[in-house]
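Secondary and tertiary structure notes
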Amino acid sequence: MSHIVILTGAGISAESGLGTFRDKDGLWTKYDLNEVATPEGFARNPDLVHEFYNARRANCQNAQPNAAHTALAHLQSTYSGRVTIITQNVDDLHERGGASDVIHMHGELFGALCAACDHRWPAPFEMLPADACPACRAAATRPDIVWFGEMPYRMDEIYQHLSGADLFVAIGTSGNVYPAAGFVADARAVGVETLELNLEPSAVAGTFDAARFGPATDVVPLWVTEVLQQS
Ligand code: APR
C-alpha cells in the first residue's frame, strides 16, 4: 500500500481569499512579524497580537474551502493507499473541505493555549489579553499558534511519515521557513519521490524531482484525478 505525504502552505488557501505571507500584499507586507508572530511580541503587546489573530479568525470564518482543499479530501477518502496531510496553515479549510487527521505543525487559529500552564481549549471567536485560562485562571491566554522561534508541533510524527512515504508533495508554500522547507530534502535523502505544486517555483524548487505550476484550484484537482486514475 503506498503512502502519499502532502505538505501545504498559505498558497492552497489563497483562492479562498485568506491571502499569503510573502506574496505581493501578503500579511508580512502589512504587519511586522516580530510584533505579531513571536513570543517577545506577545509579551510586549498582547492586545496587538490578539487583534491580529482575531482578524484572521474572522477572515477564516467568512472563507470557504476551495477546489484544492476538497480535491485533497477526495484523494484521502478514495485513494487505495494512505494520504497524510501536514499543513503549515492555521486555518481550518482542510477540515471544512472534508480532510481528516490533518497535522497542523504551526498550530490552529481556532485553538487557545494558556501561556502559564499549557492548557489548551477551543478558542473563543474573539480573544482578549484579560481572558482567564479555564484551568489555572491566569490571564495568560494566547492563540495556539507556533510563533517564530518556537518548536513546530508533532515533528517526530512528521519525520516518521516522511521516511515512510512513497511520494512527498508540497503545495502552495514558498519554501522559506524551516523545518517545513527542509522536508523535501529529508524525503529525497531516503529515496522518496518528490513533487511541487505551486503558483511559481519555491525557494527549494530545485530539490524536487518534478513540479507543476499554476493556481492550486487548477493544478491540485488535475493531479488528484491523475493519481486516482493510475491507482
Ligand atoms: N495557488 C498555488 N500557490 C499559490 C497561490 C495559488 N493560488 N497563490 C500563492 N501561491 C504560492 C506562492 O507562490 C508562494 O510560493 O504560495 C506560496 C505562499 O508562500 P508564503 O506566503 O511564504 O506562505 P508559506 O510558504 O505557507 O509560509 C510558511 O511562514 O510566516 C510563516 O507560519 C507562517 O506557515 C507560514 C510559514
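Residues numbered from 1 in each chain as written. Predicted model: local features only at pLDDT ≥ 70, side-chain atom pairs only at ≥ 80, totals over all residues. Heavy atoms only, no water.

Some points on the overall build of the protein
Looking only at helices and strands, the protein has ten helices and nine strands in total. Computed over C-alpha atoms, the radius of gyration of the protein comes to 18 Å, within 12% of the 17 Å expected from 2.2 N^0.38 for 231 residues, which places it in the range of a compact globule. When its C-alpha atoms are laid out on the principal axes, the protein stretches across 55 × 35 × 30 Å. Across the 231 residues of the protein, 49% fall into the buried class. Long-range pairs, those at least 24 residues apart, make up 64% of the contacts in the protein between residues at least 6 apart in sequence. Of the roughly 10,600 Å² of accessible surface on the protein, a fraction of 51% belongs to carbon and sulfur atoms. Across the protein, the centroid of the 14 positively charged side chains sits 2 Å from that of the 28 negatively charged ones. (Helix = DSSP H or I, 4+ residues; strand = E, 2+ residues; numbered from the N terminus. Rg over C-alpha atoms; globule rule 2.2 N^0.38 Å. Buried < 20%, exposed > 50% of the residue type's maximum accessible area, 1.4 Å probe, protein only. Contact = heavy atoms within 4.5 Å. Areas by Shrake-Rupley, 256 points an atom, 1.4 Å probe, with all protein chains shown as cover. Lys, Arg positive; Asp, Glu negative; His and termini not counted. Charge placed at Lys NZ, Arg CZ, Asp CG, Glu CD.)

Details of the packing of aromatic side chains
How two aromatic rings sit relative to each other is set out by the distance from centre to centre and by the angle between their planes. All told, the structure shown has nine aromatic pairs when counted by the stated rule. A ring pair is formed by phenylalanine 21 and tryptophan 28, whose centres lie 5.1 Å apart and whose planes are at 35 degrees; its orientation type is tilted. We classify tryptophan 28 as buried; its relative accessible area is 17%. The structure contains a cluster of three or more aromatic residues connected by ring pairs, namely Phe21, Trp28, Tyr31, Phe42, Phe52, Tyr53, Trp147 and Phe148. Across the ring face of tryptophan 147, the terminal group of arginine 142 is positioned such that the distance to the ring centre comes to 3.8 Å. (Phe/Tyr/Trp six-rings, centres within 6.5 Å; stacked < 30°, edge-to-face > 60°. Lys NZ or Arg CZ within 6 Å of the ring centre and 35° of its normal.)

Side note on the packing of helix α1 (residues 11–18) against helix α6 (residues 67–78)
The contact between α1 and α6 brings their axes to 8 Å, and the two run at 130 degrees. One way to sum up the angle between α1 and α6 is to call them oblique. Together, Ile12, Ser13 and Ser16 of α1 and Ala68, His69 and Leu72 of α6 make up the contact between the two elements. Residues belonging to the contact of α1 with α6 are distributed by class as follows: three nonpolar, three polar and no charged. (Axes fitted to C-alpha atoms, helices over the stretch in contact; angles between N-to-C directions. Parallel < 35°, antiparallel > 145°, perpendicular 65-115°, else oblique. Nonpolar A, V, L, I, M, F, W, Y, C, P; charged D, E, K, R; others polar.)

Things to note about the layout of surface pockets
Estimated volume of the second largest pocket: approximately 280 Å³. For the lining of the second largest pocket, the element with the most residues is helix α10 (residues 216–230), which contributes four residues. In terms of residue class, the lining of the second largest pocket is made up of seven nonpolar, four polar and four charged. (1 Å grid on protein atoms, 1.4 Å probe; cavity = no way out; pocket = protein on both sides within 12 Å on 5 of 7 lines; lining within 4 Å. Points joined across faces, edges and corners; volume = space filled by probe spheres on them.)

A short note on the site of the ligand
Not every one of the 23 residues close to the ligand is listed here, only the nearest: Ala10, Phe21, Arg22, Thr173 and Ser174. Leucine 199 is positioned with one of its backbone polar atoms (N or O) 3.3 Å from a nitrogen atom of the ligand. When the ligand is considered free in solution it has 730 Å² of accessible area, and contact with the protein chains removes 94% of it. The element best represented in the shell around the ligand is α1, accounting for three residues. Looking at the shell around the ligand residue by residue, the classes come out as nine nonpolar, ten polar and four charged. (Near = heavy atom within 4 Å. Polar contact = N/O pair within 3.5 Å; in protein donor to acceptor, adjacent residues only side chain to side chain.)

Overview of empty space enclosed by the protein
Here the structure, examined in full by the defined rule, presents one cavity of 30 Å³ or more. Of the pockets and cavities examined, the largest cavity occupies roughly 80 Å³. Around the largest cavity sit 15 residues that line it, and Leu7, Thr173, Gly175, Ala180 and Ala181 are the ones nearest its centre. Its residues assigned to classes, the lining of the largest cavity shows nine nonpolar, five polar and one charged.

Here's the deal with the domain arrangement of the protein
How big an interface is tends to be stated in terms of accessible area lost as the parts join. Each assigned domain of the protein is listed here: domain 1 (1–17 + 65–106 + 152–231) and domain 2 (19–62 + 107–145). Between domain 1 and domain 2, the residue contacts involve 19 residues of the former and 16 residues of the latter. Buried surface at the junction of domain 1 and domain 2, summed over both partners, amounts to about 1,200 Å²; 53% is from carbon and sulfur atoms. Looking only at domain 1, the three residues that lose the most surface to domain 2 are Ala10, Val90 and Tyr153, adding up to 41% of its buried area. Between domain 1 and domain 2 we count zero salt bridges in total. For the interface between domain 1 and domain 2, the tally reads six residue pairs in polar contact (both at pLDDT 80 or more). For the side of domain 1 that touches domain 2, the secondary-structure elements that each account for two or more residues are α1 and α7 (93–96). Residues belonging to the side of domain 1 that touches domain 2 are distributed by class as follows: six nonpolar, eight polar and five charged. (Domains from an automatic or database assignment. Buried area = accessible area lost by both parts, 1.4 Å probe. Salt bridge = Lys/Arg side-chain N within 4 Å of Asp/Glu carboxyl O.)

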